[in-house]
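# Topology and contacts: notes
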Amino acid sequence: MRYCSHASTRVLAPLHRCRFLVLCWVLLAPATLLAASGPETYGAGGVVASRSALASAVGARILEAGGNAIDATVATGFALAVTHPSAGNLGGGGFLVIRLADGTTITNDHRERAPRGASRDMFLGEDGQALPELSRESHLASGVPGTVDGLLAALDRFGTMSLAEVIQPAIELAEQGFELPRDLAKALERRLPQFAAYPASKAQFSRDGEPYAEGDRFTQPDLAASLKRIRDQGRAGFYAGKTAELIEAEMTRGGGLITRQDLAEYRSVWREPIIGTYRDHQIISMPPPSSGGVLLVQMLNMLEAEPLADLGFGSAATVHRMIEAERRAYADRAEHLGDPDYFPVPIEWLTSKDYARERFSTFDPDKATPSEMIEAGSWPEESPETTHASVMDAAGNAVSYTTTLNRSYGSKIVVAGAGFLLNNEMDDFSSKPNTPNTYGLLGREANAIAPGKRMLSSMTPTIVVKDGEPLLVTGSPGGSTIITTTLQVVLNVIDHGMDLSDAVGKPRFHHQWFPDRVIYEPYGLSPDSLNQLQAMGHRDLTVTPWGIWDSSIGDANSVMQRDGEIMGMSDPRNAGGAVGVRTAPEPASEDTEAKGKK
């Protein structure tokens, strides 16, 4: 089979020569695919785990057709834009952490950027006070989208399939539709009053103003058309031409800042990953402008000298040590972390074991350290409405992918005629130094708004390697709890020897320096542990008080390889799916052109 390659687009020519054309096979999966949404699912040919069972099935089909983990991740990413619109997206951004079978590690930063017209005080009123509605619920709230560029860049550099092949399933899902699952139908109904303020949003997510019901067929023709332009034109199908014109027109109507020049100039960035070690495991995670990788490695470094396995999972002694590590790491987050292209982030220092020993030298095994005694600043809150996918293939390639619109359904504004939501990521900047946001958190200069700058994130896509082989692919949504969720999954596997089901499913807790409180999931801390922690001086131990998680923390859709078996787990806290390919695909024939190999 012959393929043609056009720069970064890799469009298959002609289209009818795709190895598969339509998505009917995704909706009627044959026996070669194994799916689960609670216990682990296994797949010798690889596993995809994500928030959407349909999107996971798309990725698994790509693996079954001979694609690698990068091909499957890109296909899953585009499918999530269709099937999980609260966080999957074309109009947002995210991060990819990639580890190839040959040991190569790299990350792709496709975080949104502030438009050229952005300014330091753009979200302040005449009185100098922050106006949060502008940074969350207006056209000004949107940064320049990065998802499309990031996914295409990853496919171009490391994929083996054509863009037409990996995006076609998403096109079919948008054009032909799918039956709405209960959780998505209910979510669209809850958001309908907010969508109603924008005609294109109301048209996309309701039936003439009436809510969709579970089981209704949900089609998105405008989104399908936008995906087709990407299929046919590659990057130019989004960042130029009709789609760019539609985005600029939407901005003009609503007083936003993104222009066609902003779109044309946007580029994702390949960055070296944050790499640390923990008990003979290699930790590979995302560098700034994500704070996740730095804080994850910093906390693991602080905890490495502590006997967590002996102290036991969920014991007051273990939880106390984790809280104290979290308290110190989160205090460092805002003082030192921001977009490294605009702010000198001391990555090497923050992730060094010497610094961790110094930082943890004030730790008292019998007493909590009040947060006001820990120096540093805080940060703007990131919505829990992010989504994460983990992918591993039979060859040993692994991808950890986290993407978001920021708050649930972003700004709630659909680009008229284009069918996708705008992000409200500008809210992740610090609107004003030391001004509390909705959650009482403060921001400082490291994350101040500047044209072209990427806003700070908590996303923590992570890959753990043991003895040269990928062991765990994980990550999560959850705003500021993303990092601590990822930490707990990693510790559950390494220190507590859990299988993937328990590592992902066990109750979680969270501390973030300020406010000085511990939140925990129902049954996450035993009465005895709670009493001991209170006696140590830990303040305000509360069952998930914010409500927006329905009393749950994170959504860590993960994949693990152990004893030669690949297994996936969709976090039981939410609907989703892990889909495995039963058998490894046959090796490609010698006359098959291998694309994506540089």
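This text follows the structure it describes.
Remember, it's a predicted structure, so these values are computed and weren't measured experimentally. (Residues numbered from 1 in each chain as written. Predicted model: local features only at pLDDT ≥ 70, side-chain atom pairs only at ≥ 80, totals over all residues. Heavy atoms only, no water.)

Time to look at the overall build of the protein chain. A tally of regular secondary structure across the protein chain gives 20 helices and 20 strands. For the protein chain, buried positions account for 63% of its 598 residues. Taking the intrachain contacts of the protein chain between residues at least 6 apart in sequence as the baseline, contacts between residues at least 24 apart amount to 75%. Roughly 20400 Å² of accessible area belongs to the protein chain as shown, and the carbon and sulfur atoms make up 50% of that amount. (Helix = DSSP H or I, 4+ residues; strand = E, 2+ residues; numbered from the N terminus. Buried < 20%, exposed > 50% of the residue type's maximum accessible area, 1.4 Å probe, protein only. Contact = heavy atoms within 4.5 Å. Areas by Shrake-Rupley, 256 points an atom, 1.4 Å probe, with all protein chains shown as cover.)

Once that is clear, we can look at the pairing of strand 18 (residues 558-562). Of all five residues in strand 18, four are buried; the element is thus mostly enclosed. Sheet topology note: the strand 14 (residues 469-474)/strand 18 ladder contains two bridges and is antiparallel. Bridge pairing in strand 18 links leucine 472 to methionine 560. Pairing of strand 18 with strand 19 (residues 565-569) involves five bridges; the strand directions are antiparallel. The residue of strand 19 that forms the bridge with glutamine 561 is isoleucine 566. Between the antiparallel neighbours strand 18 and strand 19 lie two residues, among them aspartate 563 with a positive phi of about 55°. (Pairing = 2+ DSSP bridges.)

What follows concerns the sheet that holds strand 17 (residues 541-543). Neighbouring strands of a sheet are bound in pairs by backbone hydrogen bonds; such pairs are parallel or else antiparallel. On the basis of which strands lie adjacent, the open sheet formed by three strands has the order 15-16-17 and mixed pairing. The open sheet has two free edges, formed respectively by strand 15 (509-510) and strand 17, since each of these has just one partner strand. Relative to strand 16 (residues 518-520), strand 15 runs antiparallel, the two sharing two bridges. Counterpart to phenylalanine 509 in the pairing with strand 16 is tyrosine 520.

What follows covers unusual backbone geometry. What is expected of a backbone is that most residues other than glycine have negative phi and most peptide bonds are trans. With an omega of 20°, the peptide bond running from proline 288 to proline 289 counts as cis. Structurally, the position occupied by proline 289 is in the loop between strand 10 (281-285) and helix 13 (292-303). Residue proline 515 is bonded to the preceding phenylalanine 514 through a cis peptide linkage, with omega at -5°. Structurally, the position occupied by proline 515 is in the loop between strand 15 and strand 16. Even without being a glycine, aspartate 208 presents a positive backbone phi close to 50°.

Sheet architecture is open: seven strands sit in the order 2-19-18-14-13-10-9, paired in antiparallel fashion. Every other strand in the sheet has two partners, leaving strand 2 (41-42) and strand 9 (274-278) as the edge strands with one partner each. Packing against the sheet, helix 13 makes contact with strand 9, strand 10 and strand 13 (462-466), and its axis sits at approximately 20° to strand 9. The strands touched by helix 18 (residues 481-494) within the sheet are strand 9, strand 10, strand 13, strand 14 and strand 18, with strand 14 carrying the most contacts at an inclination of about 140°. (Axes fitted to C-alpha atoms, helices over the stretch in contact; angles between N-to-C directions.)

Geometry only, nothing functional implied.
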